[in-house]
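# Survey of secondary and tertiary structure
Letter by letter, the chains look like this.
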Amino acid sequence: MTTEILKPTAENIFRAGQMIKRGEIVAFPTETVYGLGANAFNVNACKKIYLAKERPADKPLTLHVANFEMIEQIAEISTAAEKLIEKFLPGPLTVILPKKNIVPDFVTCNSKSVGVRFPNNAVAQELIKIAGVPIAAPSANISGKNPPTTAEEVFENLSGRIEIILDGGRCDVGISSTIVDISTGELKILRQGSISDESIAEFLNR
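Summarised in this report is the structure supplied together with it. (Residues numbered from 1 in each chain as written. Predicted model: local features only at pLDDT ≥ 70, side-chain atom pairs only at ≥ 80, totals over all residues. Heavy atoms only, no water.)

This part is about the packing of aromatic side chains. Each aromatic ring pair is summarised here by two numbers: the centre-to-centre distance and the angle between the ring planes. Summed over the entire model, instances satisfying the criterion amount to two aromatic pairs. Ring centres of Tyr50 and Phe106 lie 5.5 Å apart, and the angle between their planes is 70 degrees; this geometry places the pair in the edge-to-face category. Of this pair, Tyr50 sits in helix α2 (residues 43-53) while Phe106 sits in the loop between β5 (93-98) and β6 (113-117), placing them 56 residues apart in sequence. Given the relative accessible area of 8%, Tyr50 is considered buried. Between Phe68 and Phe118, the aromatic rings sit 5.3 Å apart at their centres with planes inclined by 80 degrees, giving edge-to-face as the arrangement. A residue pair is termed long-range when its members are at least 10 positions apart, and Phe68 in helix α3 (residues 68-74) and Phe118 in the loop between β6 and α5 (122-131) qualify at 50 residues. Across from the ring centre of Phe106, 5.8 Å away, lies the NZ or CZ of Lys47, which sits over that ring. (Phe/Tyr/Trp six-rings, centres within 6.5 Å; stacked < 30°, edge-to-face > 60°. Helix = DSSP H or I, 4+ residues; strand = E, 2+ residues; numbered from the N terminus. Buried < 20%, exposed > 50% of the residue type's maximum accessible area, 1.4 Å probe, protein only. Lys NZ or Arg CZ within 6 Å of the ring centre and 35° of its normal.)

Structural data, given as structure tokens:
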């Protein structure tokens, strides 16, 4: 398989979105790191992510959305979660919420919760809108290697394993998103990112 690095023109983003619709996988930029995306509702497509990345089968996938309506489609939103979403999204935060039945159990590794990302990146948002579905996307690297922040780093990891890398330049944030689990009603910070624990806790305690 030949891997192409493409500038994120309207034509190329449309092509990538159509590939997602057809059940293929595509690498794309976000504000944090590059993601490797598939239609979140298509189990066979999501299996291609695990194969390309050599990803352990027990690691769930985060779902990327392009608007708040998509979050409501895939997850239950509590009052506290709504406050977090309105304050920090779109942005470099993953919020773990109770999932709705529309999300396949395969994608969440049979967990009843799902990680949701609303990236603050125009290319990512347009890609998701064209695909018309949430995009399941871990970082676009071989598992165990550093998450890529440029299209060239994605190519070094996944050349020959995927068809398209949308080149949005170097990621603005450059580190993986902060992960907050609020699926049980109790706030837990699962991964440090550019949004500090203190700023999240301070906001919720207002």
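Further notes follow.
What follows is about the layout of surface pockets. Each pocket or cavity is described by its volume, and for the largest pocket that value is around 650 Å³. Secondary structure elements with two or more residues in the lining of the largest pocket: β5 and β6. Counting residues per element, the lining of the largest pocket draws most heavily on β6, which supplies four residues. Broken down by class, the residue content of the lining of the largest pocket amounts to 10 nonpolar, 16 polar and six charged. (1 Å grid on protein atoms, 1.4 Å probe; cavity = no way out; pocket = protein on both sides within 12 Å on 5 of 7 lines; lining within 4 Å. Points joined across faces, edges and corners; volume = space filled by probe spheres on them. Nonpolar A, V, L, I, M, F, W, Y, C, P; charged D, E, K, R; others polar.)

This next bit is on the side chain of Thr94. Structurally, Thr94 is set in strand β5. At 2.7 Å, the side chain of Thr94 and the side chain of Ser177 are in polar contact. Among all residues touching Thr94, those that are not within four sequence positions of it are Thr62, Gly115, Val116, Arg117, Ser177, Thr178, Ile179 and Val180. (Polar contact = N/O pair within 3.5 Å; in protein donor to acceptor, adjacent residues only side chain to side chain. Contact = heavy atoms within 4.5 Å.)

A few words on unusual backbone geometry. Residue Pro90 is bonded to the preceding Leu89 through a cis peptide linkage, with omega at 0 degrees. Backbone geometry places Glu54, a non-glycine residue, at a positive phi of 55 degrees. For Cys109, which is not glycine, the phi dihedral falls at a positive 55 degrees. Structurally, Cys109 can be placed in the loop between β5 and β6.

In terms of nonpolar packing, the biggest core is built from 64 residues, with Leu36, Leu97, Ile162 and Leu166 touching the most fellow members. Considering each element in turn, this core owes the most residues, six residues, to α5. (Core = buried A, V, L, I, M, F, W, Y, C linked by side-chain atoms within 4.5 Å.)

Moving on, we come to a negative patch on the surface. On the surface, Glu69, Glu72, Glu82 and Glu86 cluster together into a patch of negative charge. Within the residue set of the negative patch, elements represented by two or more residues are α3 and α4 (79-88). Residue position: Glu86 is located in helix α4. Given the relative accessible area of 55%, Glu86 is considered exposed. (Patch = residues over 30% accessible without salt bridge, like charges linked within 9 Å, V, L, I, M, F, W, Y side chains within 5 Å. Areas by Shrake-Rupley, 256 points an atom, 1.4 Å probe, with all protein chains shown as cover. Salt bridge = Lys/Arg side-chain N within 4 Å of Asp/Glu carboxyl O. Lys, Arg positive; Asp, Glu negative; His and termini not counted. Charge placed at Lys NZ, Arg CZ, Asp CG, Glu CD.)

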